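This is what each chain is made of:
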Amino acid sequence: MAYPQSDGRLEVLAGLTFEVADGEFVCVVGPSGCGKTTLLRLLAGLERPTAGRVLLDGAEVDRPRRTVGFVFQEPTLMGWRTVEENVSLPLEVARVPKGEARRRSRELLDLVGLSGFETAYPAELSGGMAQRVALARALVHDPRLLLLDEPFGALDALTRERMAQELLRIWRARRKTVVMVTHSVSEAVFLADRVLVLSPRPASIAAEVRVDLPRPRTPAFFDDPAFGALARAVRAAIG
Ligand SMILES: Nc1ncnc2c1ncn2[C@@H]1O[C@H](COP(=O)(O)OP(=O)(O)OP(=O)(O)O)[C@@H](O)[C@H]1O
Ligand SMILES: [Mg+2]
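Here is a short report on the structure shown in this document.

Definitions and cut-offs
Residues numbered from 1 in each chain as written. Chains lettered and ligands numbered in written order. Predicted model: local features only at pLDDT ≥ 70, side-chain atom pairs only at ≥ 80, totals over all residues. Heavy atoms only, no water. Helix = DSSP H or I, 4+ residues; strand = E, 2+ residues; numbered from the N terminus. Buried < 20%, exposed > 50% of the residue type's maximum accessible area, 1.4 Å probe, protein only. Polar contact = N/O pair within 3.5 Å; in protein donor to acceptor, adjacent residues only side chain to side chain. Contact = heavy atoms within 4.5 Å. Near = heavy atom within 4 Å. Areas by Shrake-Rupley, 256 points an atom, 1.4 Å probe, with all protein chains shown as cover. Nonpolar A, V, L, I, M, F, W, Y, C, P; charged D, E, K, R; others polar. Axes fitted to C-alpha atoms, helices over the stretch in contact; angles between N-to-C directions. Parallel < 35°, antiparallel > 145°, perpendicular 65-115°, else oblique. Left-handed = near helix turned anticlockwise from the far one by under 90°. Phe/Tyr/Trp six-rings, centres within 6.5 Å; stacked < 30°, edge-to-face > 60°.

1. Comments concerning the side chain of N86
Turning to step 1, where the next piece is worked out: With respect to the helices, strands and loops of the structure, N86 is situated in helix α2 (residues 83-93).
Turning to step 2, where the next piece is worked out: Residue classification places N86 among the buried positions, given a relative accessible area of 1%.
Turning to step 3, where the next piece is worked out: Within polar-contact distance, the side chain of N86 engages the backbone nitrogen of M78 at 2.8 Å.
Turning to step 4, where the next piece is worked out: With residues near it in sequence (within four places) discarded, N86 still touches L77, M78, R81, P122, V133 and R137.

So, in structure tokens, the structure goes:
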């Protein structure tokens, strides 16, 4: 993947190949600016690769699809819409009847722990709550694949740990396939079945670390020696 630039082109991803299995939870880590967001945008069909292909169930991803949900790195809630109206927006666009849209939005807000905040506005929410709304919105078409771009990046450490737990709960309950970018090595090892470490730009896969540790994972997992060893392996691969 290369972007055009005034003085040529910027190669962002090169020789990068990987597969994700159905139901797998994959975390992607790598240096800032190496191309992680670009990679997710390609997987989502928001961007077309200049060479190479992205396949979902064997079919080329050439445009955004409802089977793929996306939580962006920057908060993208609409300030003039309530929490529930933010979640139901994709359903409105898809002309889902109002009653049905309302039912589904409320169910998802319940899933992410935001019952009671349906009529609040984004400005009235904490950072963690706003990210929960973004997560609920990404789930609204019941996607098979969930793409998360540093969804907890702006949160404090404690909220972050709690959100990671919540995400695992939702992943278990809804049986999604997840590809999540994070800059936190411990978060990646805590959440993932597999951690992909990207090299500096142009990024390829520098290392792949399998996390063959039992689930469900609880905060006690952070004290497990096996956890420490895997986190060290990921750190070593980042260099
Ligand atoms: N739309 C675009 N047009 C041109 N260049 C872009 C575009 N989007 C990203 N880039 C460039 O591609 C490179 C990779 O950007 P990207 O946002 O994918 O990195 P990242 O790994 O997500 O970084 P971070 O960890 O800081 O979020 C950067 O050098 C960036 O300047
Ligand atoms: Mg990014």
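Picking up where we left off.
2. Digging into the site of ligand 1
Turning to step 1, where the next piece is worked out: The full set close to ligand 1 counts 13 residues, and S32, G33, K36, T37 and T38 are the nearest of them.
Turning to step 2, where the next piece is worked out: Between ligand 1 and the protein, one listed contact pairs an oxygen atom with a side-chain N or O atom of T38 at 2.6 Å.
Turning to step 3, where the next piece is worked out: R201 is positioned such that a nitrogen or oxygen atom in its side chain is 3.5 Å from an oxygen atom of ligand 1.
Turning to step 4, where the next piece is worked out: Taken by itself ligand 1 offers 640 Å² of open surface, and the protein chains cover 63% of this.
Turning to step 5, where the next piece is worked out: Element by element, the count of residues in the shell around ligand 1 is highest for helix α1 (residues 36-44), at three residues.
Turning to step 6, where the next piece is worked out: Its residues placed into classes, the shell around ligand 1 shows four nonpolar, six polar and three charged.

3. Points about the packing of α2 against helix α3 (residues 98-111)
Turning to step 1, where the next piece is worked out: For the pair α2 and α3, the least separation of the axes is 9 Å and the interaxial angle reads 120°. Classed by the angle they form, the pair α2 and α3 counts as oblique. The crossing of α2 and α3 is right-handed. Here α2 contributes V83, E84, V87, S88 and L91 to the contact with α3, which in turn contributes A101, R102, R104, S105, R106 and L109.
Turning to step 2, where the next piece is worked out: Here the contact of α2 with α3 is composed, by residue class, of five nonpolar, two polar and four charged.

4. Considerations on the side chain of R132
Turning to step 1, where the next piece is worked out: As for its placement among the helices and strands, R132 is situated in helix α4 (residues 127-138).
Turning to step 2, where the next piece is worked out: Judged by relative accessible area, R132 falls into the buried class, the value being 15%.
Turning to step 3, where the next piece is worked out: For R132, the residues in contact, after removing those within four places along its chain, are V112, G113, L114, M163 and E166.

5. Some remarks on the packing of aromatic side chains
Turning to step 1, where the next piece is worked out: This model, assessed by the stated rule, comprises six aromatic pairs.
Turning to step 2, where the next piece is worked out: Where F190 meets F222, the ring centres are 4.8 Å apart and the plane angle is 15°; that geometry is what we call stacked. On the criterion of sequence distance, the pair formed by F190 in helix α6 (residues 185-191) and F222 in the loop between β10 (205-210) and α7 (225-238) is long-range, its members being 32 residues apart.
Turning to step 3, where the next piece is worked out: Judged by relative accessible area, F190 falls into the buried class, the value being 1%.

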